[in-house]
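Residue-level listing of the chains:
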Amino acid sequence: MGERRGPPDEKPGEPPEPPPVVTFSPSACLPPLTEHELEVLAEVGRQWAQAHRARVPREGGLPLDPELGRQRVTPQPSRFSRFAPVEMFRAEAPDELVATAREPPAPPRLRTQSRIRRVLLGPPLGSAAVVQERMRKLVGLPVLSSDLLSSVAYGPEAMLNVLVLAGSAALGLSLPIAAAIVVLMVTVGVSYRQTVRAYPHGAGSYIVASDNLGHRLGLAAAAGLMMDYILTVSVSVAAGVDAISSALPGLAPFAVPMGIVVIAVLLGGNLRGVRSAGRAFAAPTYAFVLGIALLLGFGAVQAARRGFAPVPAPKVAVTQALGVMLVLRAFASGATSMTGIEAVSNAVPVFKPPEWRNARTTLTWMISLLVVMFAGLMVLIHLQGVVPRPNQTVLSQLGRRTLPAGPLYAYLQATTALILLLAANTAFQDFPRLLFFMARDGFAPRPFLRMGDRLVFSNGILTLSVAATVLFIAFHGRTHSLIPLYAVGVFLAFTLSQAGMVRHWTRVRGPHWRKSLVINALGAVLSAVVLVTAAIAKFAEGAWVVVAAVPLLILLAVLIRRHYDAVGAATAARAVPEGAERPQELRHLSVVPVARLDLPSLHALAYAASLGQPVLAVHVSPDDEEDERFRQQWESWGDHVRLEIIVSPYRAVVPVLTGYLEALHLVRPDITLTVVLPEIVVSRWWERVLHGQLPPRLRRALRDLPGVVVTSVPLHVP
């Protein structure tokens, strides 16, 4: 994390060409051992060899062929069938088996689930395909900029909603405030270009802040981004539903169900993979850009015909005095048009090589489009004299006034609604990757490292979908209720990222570092102004949720890391094994709980005896009468192993067995107790409730006992 990217002989002003590194890899959930761990492992292996090699030879000691023969048929994945009666493995090299895409036959219930999954998501992709699941710039632009570009549909309106509180006269400040926001956009955009240059393998706020400011501030940036991504989905969907309701007011009562359906569609689309999502979501972004271009073009022609004289805005009553705080609030609200600007820097590894160069080019295109669209809309709003209305968006009003009557207005509203609904796709791209980086450092659950069938981080995508749906329902899908929560998290991440880059340039004084430091420092200052303003001005309106959530998320991440550190210390191999790692030091006692002398119990007793270790049978009896009856049955069987009967007059079974085994362990802690559980396995789910749940309950209870190994001997009932 802290190493400098690139050799010292890099060309002035240019980063070194990064090596072909796949950051998002299917093997990330299985990290390699450190040099120290390898040394410890070698020492443990030498101690193993003393006792194990003579007893179990390396060759010829197995009762079967582990290579399973040669694969005769090479199966291909099918969209409609995941299970087939074919061999599951094939041998490709000595000591190496390769799992095929197909699996052995499964119960009908699982087979049906697999077919549905295949139809919805497509066939699984091999791990090697992760290199092909990269994006070109023309695909990366719409996929990663949909959130940023779509924010011009509600950012200007959010700013005007604040200014209009001071009456019509205050609307004249919209252009100076918009100019300041444009300066902020350019500054932050150029700052992130510097960030990508310095961190060509991944340049998100979490990585930059952690690398330069420490993990605590890195976690603060991550927490802000997590809140931002969740809000991105909720706000984008809410704004898209508002755009539909503006054109079709009759659909307004169905806003919440419509939003939930959209989130489900985004979930399914992103679970299909990076390239599939890119193909699905690229066209709406380009269509929206074309719609805004048509709006600005027709608006410029109309304004030119009247000599660019502004249309007088309707009179609006003053409800709040104009002051510095109101102007700062308007600035912070308009700055929500920048949400999503970090998406490219967080997703550098998903671009085709050279990743950093393609990412910087895409970021430049994004910033240029954002500035032109935002500035053009603000000028057009001023020229047309548009003010916010409760039942119609500002963009809809502009379309009605500017575009010719007919299909162009419908096109603008349709593309606006579509891009707003799909803008959440940016969050679906970056939220799982943020959790990946956090999980890699131990600050998030490790399942977020795992890639799904389509080489996407499915767990992160599902988590985002659930969180955004809950938030969307809680705020009833109202954009104006969600917007106050929006700016705090994202500008916290912006501020820490740019401050981290200032620290980076003071540590790593590469070519043109002073110029880069000034750019990043300016970005940090402007972002901090928006952060403080938004946190103060919008605290009572809902920003307190984010302010409170950020430290809670940091605390949760620290606790997760503390747990993983404790587990790592407990599970690390030791240079001098304590006994459990050396086969010659292990002493066993197999314990078989026996309720009745039926076939499952006899199978379990036979299995335990076949291990060649001492066996103890334990029976829990509810009274003395049953105790005597079971002893007679045991003697009829032959009394082949030692039997211990425990009378439980209060009819408890699991606590009694658990306490007895714990007592055995305390008497001889050097002995490993292997508890062999007889278990009936039925084929239908509803049949499970007809049988007692003693084996699973006992397994759960015994998991907490040290020195106890639990194994099941199932008897399958068709």
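In this convention, every chain numbers its residues from 1, walking through the sequence in written order. pLDDT decides what is reported in this predicted model: residues at 70 or higher carry local features, side-chain atom pairs at 80 or more are listed and counted, and totals for whole chains, interfaces and linings draw on all residues regardless. Computation of side-chain values: all heavy atoms of the structure, hydrogens and water removed.

### So, the overall build of the protein
So, point 1. Secondary structure elements are taken from DSSP: a helix is a run of H or I of four residues or more, a strand is a run of E of two residues or more, and numbering for both begins at the N terminus. Looking only at helices and strands, the protein features 24 helices and seven strands.
So, point 2. A 1.4 Å probe rolled over the protein chains alone gives each residue an accessible area, and that area as a share of the maximum for its type sets the label: buried under 20%, exposed over 50%, partly exposed in between. For the protein, the residues scored as buried account for 49% of the 718 residues in total.
So, point 3. Whether two residues touch is decided by their heavy atoms; if any such pair falls within 4.5 Å, the residues are in contact. Long-range pairs, those at least 24 residues apart, make up 78% of the contacts in the protein between residues at least 6 apart in sequence.
So, point 4. For the protein, the exposed area adds up to about 33,900 Å²; of that, 64% sits on carbon and sulfur atoms. The Shrake-Rupley method, run with a 1.4 Å probe, gives the accessible areas here. Residue values count only the displayed protein chains as cover.

### Things to note about the pairing of strand 5 (residues 642-647)
So, point 1. Inspection of the sheet shows strand 4 (residues 615-621) paired to strand 5 by six bridges, in the parallel sense. Following the sheet pairing, L616 is matched in strand 5 by R642.
So, point 2. Orienting the strands away from the viewer, one traces the path from the first strand over the helix to the second; a clockwise path indicates a right-handed crossover. Once you follow strand 4 into helix 22 (residues 624-637) and on to strand 5, the crossover reads as right-handed. The pairing criterion for strands is at least two bridges between them, as found by DSSP.

### Section: the pattern of salt bridges
So, point 1. Any carboxyl oxygen of Asp or Glu within 4 Å of a side-chain nitrogen of Lys or Arg constitutes a salt bridge here. By the definition in use, this model includes seven salt bridges.
So, point 2. Close ionic contact of R561 with D565 constitutes a salt bridge, the shortest N to O distance being 3.1 Å. You can see R561 and its partner D565 sitting in helix 20 (residues 539-571), four residues apart, about one turn around the helix.
So, point 3. Using a relative accessible area of 26% as the deciding quantity, one classes R561 as partly exposed.
So, point 4. A salt bridge links R642 to E644, with the nearest nitrogen and oxygen atoms 3.3 Å apart.

### Side note on the nonpolar core
So, point 1. Membership of the largest hydrophobic core comes to 146 residues, with the highest contact counts inside it found for Y206, V233, M438 and F491.
So, point 2. The element contributing the most residues to this core is helix 7 (residues 215-247), with 18 residues.
So, point 3. Leave out the neighbours within four places in its chain, and M438 touches Y206, L219, A222, M226, F443, A444 and A557.
So, point 4. Each nonpolar core is a collection of buried residues, namely Ala, Val, Leu, Ile, Met, Phe, Trp, Tyr and Cys, held together in the definition by side-chain atoms within 4.5 Å. Grouped together as the second largest cluster of nonpolar side chains are 17 residues, V618, V675, L677 and L705 included.

### What about the sheet that holds strand 5?
So, point 1. Taken together, the five strands give an open sheet; going across it, the order is 5-4-3-6-7, and neighbouring strands pair in parallel fashion. The sheet is open, and its two edges are formed by strand 5 and strand 7 (708-717), each paired on a single side. Averaged over neighbouring strand pairs, the angle between their axes works out to 25° when direction is ignored.
So, point 2. Inspection of the sheet shows strand 3 (residues 587-593) paired to strand 6 (residues 671-682) by five bridges, in the parallel sense. Here the axes come from fitting lines to C-alpha atoms, over the contacting stretch only for helices, and the angles between their N-to-C directions go from 0 to 180 degrees.

### Section: the packing of aromatic side chains
Each pair of aromatic rings is reported with the distance of its centres and the angle of its planes.
So, point 1. Classification of ring pairs rests on two measures: the distance between centres of Phe, Tyr or Trp rings, Trp counted by its six-membered ring, which must be within 6.5 Å, and the angle between planes, read as stacked under 30 degrees, edge-to-face over 60 and tilted in between. In the structure shown here, the tally under the stated rule is seven aromatic pairs.
So, point 2. Measuring from ring centre to ring centre gives 5.0 Å for F436 and F457, while their planes differ by 35°; the resulting arrangement is tilted. Of the two residues, F436 sits in helix 15 (residues 425-440) while F457 sits in the loop between helix 15 and helix 16 (458-474), which places them 21 residues apart along the sequence. The same class applies to F436 as to F457, namely buried.
So, point 3. The residue whose ring lies beneath R446 is Y564, and the NZ or CZ to ring-centre distance is 3.9 Å. Lysine NZ or arginine CZ positioned within 6 Å of the ring centre and within 35 degrees of the ring normal marks a charge as sitting over the ring.

### Re the packing of helix 5 (residues 174-198) against helix 19 (residues 513-537)
So, point 1. Closest axis-to-axis distance for the helix 5/helix 19 pair is 9 Å, and the angle between their directions is 130°. Our classification of the angle between helix 5 and helix 19 gives oblique. In terms of crossing hand, the pair formed by helix 5 and helix 19 is left-handed. From helix 5, L184, T187, V188, V190, S191, Q194, T195 and R197 reach across to helix 19, where they touch S516, I519, N520, L522, G523, L526, S527 and V530. An angle below 35 degrees is read as roughly parallel, one above 145 as roughly antiparallel, one from 65 to 115 as roughly perpendicular, and any other as oblique. Rotating anticlockwise by less than a right angle from the far helix to the near helix defines a left-handed crossing, while the corresponding clockwise rotation defines a right-handed one.

### Some words on the confidence of the model for the protein
So, point 1. Mean pLDDT over the protein stands at 77; residues scoring 70 or higher make up 76%.
So, point 2. The pLDDT score gives, residue by residue, the confidence of the prediction method on a 0 to 100 scale. When mean pLDDT is taken per element in the protein, helix 12 (residues 355-384) scores highest with 90 and strand 1 (residues 89-93) scores lowest with 54.
So, point 3. Under a pLDDT of 50 for its full length, residues 1-22 has, in the predicted model, 45 contacts with residues more than four places off or in other chains.
So, point 4. With pLDDT under 50 throughout, residues 70-75 is counted as low confidence; its partners more than four residues away or in other chains account for 10 contacts.

### Comments concerning helix 16
So, point 1. In this analysis, the expected span of each helix is defined as 1.5 Å times one less than the number of residues it contains. Spanning 17 residues, helix 16 covers 24 Å between terminal C-alpha atoms, matching the ideal 24 Å at 1.5 Å per step.
So, point 2. For helix 16, the set of buried residues is S458, G460, I461, L464, S465, A468, T469, L471 and F472. Viewed along the axis of helix 16, the buried residues span an arc of 165°, placing them on a single side of the element. Away from its buried face by more than 90 degrees, helix 16 exposes V466, V470 and A474.
So, point 3. Phi for H476, located one or two positions after helix 16, is positive at around 55°. Here, the arc refers to the directions that run from the helix axis to the C-beta atoms.

### Quick look at the pairing of strand 3
So, point 1. Of all seven residues that make up strand 3, five are buried, and the element is covered over most of its length.
So, point 2. By the bridge criterion, four bridges tie strand 3 to strand 4 in an arrangement that is parallel. Following the sheet pairing, V591 is matched in strand 4 by L616.

### Here we look at unusual backbone geometry
So, point 1. The residue F308 is not glycine, and still its phi comes out positive at about 60°.
So, point 2. Residue position: F308 is located in the loop between helix 9 (274-305) and helix 10 (324-334).

### As for helix 3 (residues 137-150)
At 3.6 residues per turn, the α-helix brings residues three or four places apart onto the same side.
So, point 1. Its 14 residues place the ends of helix 3 19 Å apart at the C-alpha level, agreeing with the 20 Å of an ideal helix rising 1.5 Å per residue.
So, point 2. Of all 14 residues that make up helix 3, 12 are buried, and the element is covered over most of its length.
So, point 3. Restricting attention to buried positions, one finds in helix 3 the residues V139, G140, L141, P142, V143, L144, S145, S146, D147, L148, L149 and S150.

### Section: the environment of V164
So, point 1. Among the secondary structure elements, V164 is positioned in the loop between helix 4 (155-163) and helix 5.
So, point 2. V164 gets classed as buried once you look at its relative accessible area, which sits at 14%.
So, point 3. Spatially, the C-alpha atoms of V164 and V316 are 7.1 Å apart, while their sequence positions differ by 152 residues.
So, point 4. Excluding its chain neighbours within four sequence positions, the residues that come into contact with V164 are L171, V316 and A317.

### Thoughts on the environment of V301
So, point 1. Among the secondary structure elements, V301 is positioned in helix 9.
So, point 2. Judged by relative accessible area, which is 42%, V301 ranks as partly exposed.
So, point 3. The spatial distance from the C-alpha of V301 to the C-alpha of T402 is 9.4 Å, given a sequence separation of 101 residues.

### With respect to the packing of helix 5 against helix 10
Two numbers describe a pair of packed helices, the interaxial angle and the distance between the axes.
So, point 1. Relative to each other, helix 5 and helix 10 sit at 50°, their axes nearing to 10 Å. Between helix 5 and helix 10, the angle falls in the class oblique. Remark: the crossing between helix 5 and helix 10 carries right-handed chirality. Touching I177, A180, I181 and L184 of helix 5 are V327, A330, F331 and G334, all from helix 10.
So, point 2. Here the residues of the contact of helix 5 with helix 10 sort into seven nonpolar, one polar and no charged. Only Asp, Glu, Lys and Arg are considered charged in this grouping, and only Ala, Val, Leu, Ile, Met, Phe, Trp, Tyr, Cys and Pro are considered nonpolar; every other residue, Gly among them, is considered polar.

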